[in-house]
Amino acid sequence: MSPAGRGSRAFVTGTAGEEKTGRKADRRTRVTVLVALAANLVIAVAKAVGGFVAGSPALLSEAAHSVADSLNEIFLLAALRRSRRPADRRHPFGYGKERFFWSLLAAVGIFVMGGCFSFFQGAEALRTGADEKLGGYVAGLIVLGIALLAEGGSLLRALHQVRGQGGLADGLRDPALRTVVAEDGTAVLGVCLAMTGMALHMVTGQVVWEACASLAIGALLVYVAYRLGREARDQLIGEAADPEASGRIRALLRAQPEIDSVEALFTMKTGLDSTLVAARVDLVPGLDSERVEEVSMRIKRSIARTVPEARQVFLDVTDRPARQAAKSPAATGERGGA
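What counts, and at which threshold
- Residues numbered from 1 in each chain as written.
- Predicted model: local features only at pLDDT ≥ 70, side-chain atom pairs only at ≥ 80, totals over all residues.
- Heavy atoms only, no water.
- Helix = DSSP H or I, 4+ residues; strand = E, 2+ residues; numbered from the N terminus.
- Buried < 20%, exposed > 50% of the residue type's maximum accessible area, 1.4 Å probe, protein only.
- Contact = heavy atoms within 4.5 Å.
- Areas by Shrake-Rupley, 256 points an atom, 1.4 Å probe, with all protein chains shown as cover.
- Expected span 1.5 Å × (residues − 1).
- Arc of directions from axis to C-beta.
- Core = buried A, V, L, I, M, F, W, Y, C linked by side-chain atoms within 4.5 Å.
- Pairing = 2+ DSSP bridges.
- Axes fitted to C-alpha atoms, helices over the stretch in contact; angles between N-to-C directions.
- Parallel < 35°, antiparallel > 145°, perpendicular 65-115°, else oblique.
- Nonpolar A, V, L, I, M, F, W, Y, C, P; charged D, E, K, R; others polar.
- Left-handed = near helix turned anticlockwise from the far one by under 90°.

Caption draft 1: Just the overall build of the protein chain, in detail. The helix and strand tally for the protein chain stands at 11 helices and four strands. For the protein chain, the proportion of its 338 residues judged to be buried stands at 48%. Contacts spanning at least 24 positions in sequence make up 78% of the contacts within the protein chain whose residues lie at least 6 apart. Surface summary for the protein chain: the accessible area is close to 16,100 Å², and the carbon and sulfur share equals 63%.

Caption draft 2: Molecular detail of helix α8 (residues 243-255). An ideal rise of 1.5 Å per residue puts 18 Å on 13 residues; α8 measures up with 18 Å between its terminal C-alpha atoms. Listing the buried residues of α8 in full gives Ala 245, Ser 246, Ile 249, Arg 250, Leu 252 and Leu 253. With its buried residues spanning 160 degrees around the axis, α8 presents them on a single face. Across α8 from its buried face, at more than 90 degrees, point the exposed residues Pro 243, Glu 244, Arg 254 and Ala 255.

Caption draft 3: Focus on the nonpolar core. One finds Ile 249, Leu 253, Ile 259, Leu 283, Ile 299 and Ile 303 to be the most contacted residues of the largest nonpolar core, which totals 21 residues. If you list the elements that add at least two residues to this core, you get α8, β2 (259-271), β3 (274-283), α9 (289-306) and β4 (310-317). In contact with Ile 299, other than residues within four places in its own chain, are Leu 252, Leu 253, Gln 256, Ile 259 and Leu 315. Listed in part, the 20 residues of the second largest apolar core include Ala 147, Ala 182, Met 198 and Leu 221.

Caption draft 4: Local environment of the environment of Ala 199. In this structure, Ala 199 sits in helix α6 (residues 175-204). Counting along the chain gives 61 residues from Ala 199 to Val 138, while the straight-line C-alpha distance between them is 9.1 Å.

Caption draft 5: Region of the structure containing the pairing of β2. Where burial is concerned, most of β2 is hidden: 10 out of the 13 residues are buried. Inspection of the sheet shows β2 paired to β3 by 10 bridges, in the antiparallel sense. Within β3, the residue paired with Ser 261 across the bridge is Asp 282. The hairpin formed by β2 and β3 contains two residues between the paired strands.

Caption draft 6: A look at the environment of Val 224. You can see Val 224 is positioned in helix α7 (residues 208-236). For Val 224, a relative accessible area of 11% puts it in the buried group. Put simply, Val 224 and Ala 107 are 117 residues apart on the chain and 7.9 Å apart in space, counted from C-alpha to C-alpha. Beyond its immediate sequence surroundings of up to four residues, Val 224 is in contact with Ala 182 and Thr 186.

Caption draft 7: Broad picture of the packing of helix α2 (residues 57-82) against α6. The N-to-C vectors of α2 and α6 enclose an angle of 175 degrees; their axes lie 10 Å apart at closest approach. One finds that α2 runs roughly antiparallel with respect to α6. Across the interface between the two elements, Ala 58, Leu 59, Glu 62, His 65, Asp 69, Asn 72, Glu 73, Leu 76 and Leu 80 of α2 pack against Ala 176, Thr 179, Val 180, Glu 183, Thr 186, Ala 187, Gly 190, Val 191, Ala 194 and Met 198 of α6. Partitioned by chemical class, the residues of the contact of α2 with α6 number 10 nonpolar, five polar and four charged.

Caption draft 8: Examining the environment of Leu 200 more closely. For Leu 200, the position within the fold is in helix α6. Between the C-alpha atoms of Leu 200 and Glu 210, which are 10 residues apart in sequence, the distance is 7.4 Å. Apart from residues lying up to four places away in sequence, Leu 200 is in contact with Gly 205 and Trp 209.

Caption draft 9: Region of the structure containing the packing of helix α3 (residues 98-128) against α6. Interaxial distance between α3 and α6 falls to 9 Å at its minimum, and their mutual angle equals 20 degrees. Comparing their axes, α6 and α3 come out roughly parallel. Handedness of the crossing formed by α3 with α6: left-handed. Together, Arg 99, Phe 100, Ser 103, Ala 106 and Ile 110 of α3 and Pro 175, Ala 176, Thr 179 and Glu 183 of α6 make up the contact between the two elements. Broken down by class, the residue content of the contact of α3 with α6 amounts to five nonpolar, two polar and two charged.

See the structure below:
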C-alpha cells in the first residue's frame, strides 16, 4: 500500500428514508404511551380513593403502582420527542441515547415509587393490622375490576403494536414500547394479586393475606425495574451492535479484494435504529491515494446497504498487525458487566 493511502479516514451517514420510517414508528408508540397514561391517571385516583375508604394496603400499593406508571409515561413521551432531534455541533452523533436515559429514569421510578411503597404498605399491615370494612372492600374490588379492564385494554394495544413492528424480537427493541408492555403486564398481574389478597382478607379476616399480596406486588415491581434498568444501562453506556449484524459487516469487509486483513471492527448503538461502525483495515499493497478513496466510498456504501442501521461508518486504513488488534475486547466481541 502506498504512503498516500495510509491513515486515511472517511465516514458515511444514514438515509432520510430510514429516519422517516423511524418517525412513523414513534408516532404509533406515542399513541400507545398516551393510551397507557390516560388509563393510569384515572385508575390511580380510583385506587387511591378505594384504598383509603377500605383501609386496604394492597389497594394503596396498587395506587402507588399506577402513580409510578403515570410518571413513567411522561418520561417516555419526553424520550420520544427528544431522541429524534437532529445531530448538532455539541452532539455530532445525534440524541438517540436520550431514549435510553429516560427509560432508565422510568425504571428508577418503578423501583422507588412502586416497589418500595408496596413493601412499606405490606410491612405496616403486618405490624399494625388493618380494620376490615366490608362495604369499602366491596367498592375496592369493584375499582380493581375496572382497573383490570383498563390495564388489559392498554396492554392489548401495546402488544398489537409489538406484533405490527415485527413481533417480540424487533418490536421490543424500542425501550419506550418495552417499558409500556412491562408496566401494563405488571399492572394486570398486580391487580390480580391485590384482588386475591383482598378477597382472602374478607373471607378469613386475616390481614396477612393482603399484606402478602402487597409484598408480592413490591417484589414484582422491583424485579421489573431491575430488568428494565439493566437494559437501559447497557444501551446508555455504549452497547455493541447485535452479533449477527457485526458478523455481516465483518464478512463484507473480508470479501473485498482490496482489503488484505480486517484488524479490528468496533460497533456501538447510538440510538434505537442507528449504529456507529468503525473498522481498522489493511489494504493490499500498490494502491494509490485516489484508488484508496474510491475503494473506501464503495465499501462504506455496501455496509450501509447491508446493515441499514449503520448510520455512521468510519474506515481507518492502517498497518497495525492483525495479531495485536485481535486481542482487543472490542474486536473480539467480549462484553463486560453483569
